Amino acid sequence: MRKLKVSLALLAMVWFAVPLTETYADSRYKLLTVAHRGASGYAPENTIAAFDKAVEMKADFYELDVQMSKDGELVLIHDTTVDRTTDGSGAVGDLTFEELRALDAGSSFSPEYAGEQIPTLGEALDRYRGKIGVLIEIKAPWLYPGIEQKVADELMKRNMDKPENGKVIIQSFDHASVQRFHNILPSVQVGVLTYQAQDLTAEKLQEFAGYADFVNPSLNLVTEQLVDQIHSLGMKIHTWTVRDHSLVDPLIQAGVDGIITDYPDYVPRNSHIQ
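About the thresholds
- Residues numbered from 1 in each chain as written.
- Predicted model: local features only at pLDDT ≥ 70, side-chain atom pairs only at ≥ 80, totals over all residues.
- Heavy atoms only, no water.
- Helix = DSSP H or I, 4+ residues; strand = E, 2+ residues; numbered from the N terminus.
- Buried < 20%, exposed > 50% of the residue type's maximum accessible area, 1.4 Å probe, protein only.
- Axes fitted to C-alpha atoms, helices over the stretch in contact; angles between N-to-C directions.
- Parallel < 35°, antiparallel > 145°, perpendicular 65-115°, else oblique.
- Left-handed = near helix turned anticlockwise from the far one by under 90°.
- Contact = heavy atoms within 4.5 Å.
- Pairing = 2+ DSSP bridges.
- Right-handed = clockwise from strand over helix to strand, strands pointing away.
- Salt bridge = Lys/Arg side-chain N within 4 Å of Asp/Glu carboxyl O.
- Patch = residues over 30% accessible without salt bridge, like charges linked within 9 Å, V, L, I, M, F, W, Y side chains within 5 Å.
- Areas by Shrake-Rupley, 256 points an atom, 1.4 Å probe, with all protein chains shown as cover.
- Lys, Arg positive; Asp, Glu negative; His and termini not counted.
- Charge placed at Lys NZ, Arg CZ, Asp CG, Glu CD.
- Arc of directions from axis to C-beta.
- pLDDT = per-residue confidence, 0-100.
- Phe/Tyr/Trp six-rings, centres within 6.5 Å; stacked < 30°, edge-to-face > 60°.

Asks: Sorry, what's going on with unusual backbone geometry here?
Replies: The bulk of non-glycine residues show a negative phi, and the bulk of peptide bonds are trans. Residue Thr241 is bonded to the preceding Trp240 through a cis peptide linkage, with omega at -20 degrees. Along the polypeptide, Thr241 turns up in strand 9 (residues 238-242). The phi dihedral of Arg37 falls on the positive side, at around 55 degrees, and the residue is not glycine. Mapped onto the fold, Arg37 is located in the loop between strand 2 (32-35) and helix 3 (48-56). Classification of Arg37 by relative accessible area gives buried; the value is 11%. Backbone geometry places Lys58, a non-glycine residue, at a positive phi of 65 degrees.

Asks: Mind showing me how you'd approach the packing of helix 3 against helix 5 (residues 121-128) here?
Replies: To describe two helices that pack against each other, one gives the angle between their axes and the distance between the axes. Axis separation between helix 3 and helix 5 bottoms out at 12 Å; the angle between their running directions is 25 degrees. As judged from the angle between their axes, helix 3 and helix 5 are roughly parallel. For the pair helix 3 and helix 5, the sense of crossing is right-handed. For the pair helix 3 and helix 5, contact is made by Ile48, Phe51, Asp52 and Val55 and by Ala124, Arg127 and Tyr128, respectively.

Asks: What is the right way to read the pairing of strand 6 (residues 168-172) from this model?
Replies: Side chains on a regular strand alternate between the two faces of the sheet. The buried fraction of strand 6 is high, at 5 of 5 residues. Neither face of strand 6 is left uncovered, since the one carrying Val168, Ile170 and Ser172 and the one carrying Ile169 and Gln171 both have all their residues buried. Alignment of strand 5 (residues 133-138) against strand 6, held across 4 bridges, turns out to be parallel. The residue bridging Val134 from the neighbouring strand is Val168, located in strand 6. With helix 6 (residues 147-157) bridging strand 5 and its parallel neighbour strand 6, the resulting β-α-β unit is right-handed. Sheet topology places strand 6 next to strand 7 (residues 189-194); 4 bridges connect them, and they run parallel. Note that in strand 7 the partner of Ile170 across the bridge is Val190. Crossover connection from strand 6 via helix 7 (residues 175-184) to parallel strand 7: handedness right-handed.

Asks: Any chance you could explain the pattern of salt bridges here in plain terms?
Replies: Opposite charge on two side chains lets them pair, provided their charged atoms get close. The full count for this structure, using the stated rule, is 15 salt bridges. Ionic pairing is found between Arg84 and Asp79, a salt bridge with its closest N-O pair at 2.8 Å. A salt bridge links Glu154 to Arg158, with the nearest nitrogen and oxygen atoms 2.9 Å apart. Given the relative accessible area of 15%, Glu154 is considered buried. Several salt bridges converge on common partners, so that one network encompasses Arg37, Glu45, Asp65, Asp79 and Arg84.

Asks: Any chance you could explain a negative patch on the surface here in plain terms?
Replies: Taken together, the side chains of Asp71, Glu73, Glu98 and Glu99 make up a negatively charged region of the molecular surface. Along the chain, the position of Asp71 falls in the loop between strand 3 (61-68) and strand 4 (74-76).

Asks: Help me understand helix 5 in this model?
Replies: Every α-helical turn comprises 3.6 residues, leaving residues that sit three or four positions apart pointing alike. Here helix 5 has its buried residues at Leu121, Gly122, Ala124, Leu125 and Tyr128. All buried residues of helix 5 lie within an arc of 165 degrees about the axis, which places them on one face of the element. Residues of helix 5 that are buried in the fold lie against helix 3, strand 3, strand 4, strand 5 and helix 6. Positive phi appears at Gly130, one or two residues downstream of helix 5, with a value of about 85 degrees.

Asks: In this structure, what is going on with the side chain of Thr33? I would like to understand it.
Replies: You can see Thr33 is positioned in strand 2. Residue Thr33 is classed as buried on the basis of its relative accessible area of 1%. With residues up to four places along the chain from it excluded, the contact list for Thr33 reads Ala59, Asp60, Phe61, Ile259, Thr261, Pro264, Val267 and Arg269.

Asks: Teacher, can you tell me more about the confidence of the model for the protein here?
Replies: With 88% of its residues at a pLDDT of 70 or more, the protein shows a mean pLDDT of 90. In this model residues 1-27 is a low-confidence stretch, pLDDT under 50, and it forms 5 contacts with partners more than four residues away in sequence or in other chains.

Asks: Which parts of the structure should I look at to understand the packing of aromatic side chains?
Replies: What describes a pair of aromatic rings is the distance from one ring centre to the other and the angle between the planes of the rings. Under the criterion given, the structure shown has 9 aromatic pairs. Pairing Phe109 with Tyr113 gives two aromatic rings, centres 5.8 Å apart and planes at 70 degrees, and the pair type is edge-to-face. Since its relative accessible area comes to 17%, Tyr113 is described here as buried. Members of the aromatic cluster, each reached through a chain of ring pairs, are Tyr42, Tyr263 and Tyr266.

Shown next as structure tokens:
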């Protein structure tokens, strides 16, 4: 009897010595850090320098924007013109790949990055495959008919069309484009981007749940209730764009699955949400 009491006492000591965070670890999941256009707070957006920085800072994903040159090359740039981020001018779709490649995409950020070029989607996929997840945003797809198939082709060419580890995600503000991509490669996760509250009604969320894995709203739209709604429909939520350190904790408390930020180091490492 005495041995039994001692055993129970030892068991109790072990139980209370184990932190609750470890006891309930299986019910929690990791908060993902997504480097917006690469670590674009520290290097010129959508360049190899910014993507390298994202890897260096141990982000879980890097996000990029894909468009198409006049001659059909998939290039990485956010705006539909080159004016803001390069030393050139004109619409992306009016310039050949050779013309786009000749532009300086780094000096406008800092002289330190003079000579940075506009990369291709293929170059980014080849360079970072296996090192970091990729969140591909299809920009202004109405300007580039067939861009969804071309993005799919780049993934299939590299056997990245069946990512069992969930390291490839496609997203767009154009929800019809998201659906088109999903129909081409249903094995790849897709997300809908929005900055409009009317896209987050119960009816719209139910519609998204028919094809999307993620609903990715602007951070000013995020509430705990919205997060719960999205989760209840079997989807996840990555919110954007964090450029202020003080915005991180409220988003973590709301329960988002990922934070898209120009500053990957703003999101604490090994963060988990209940």
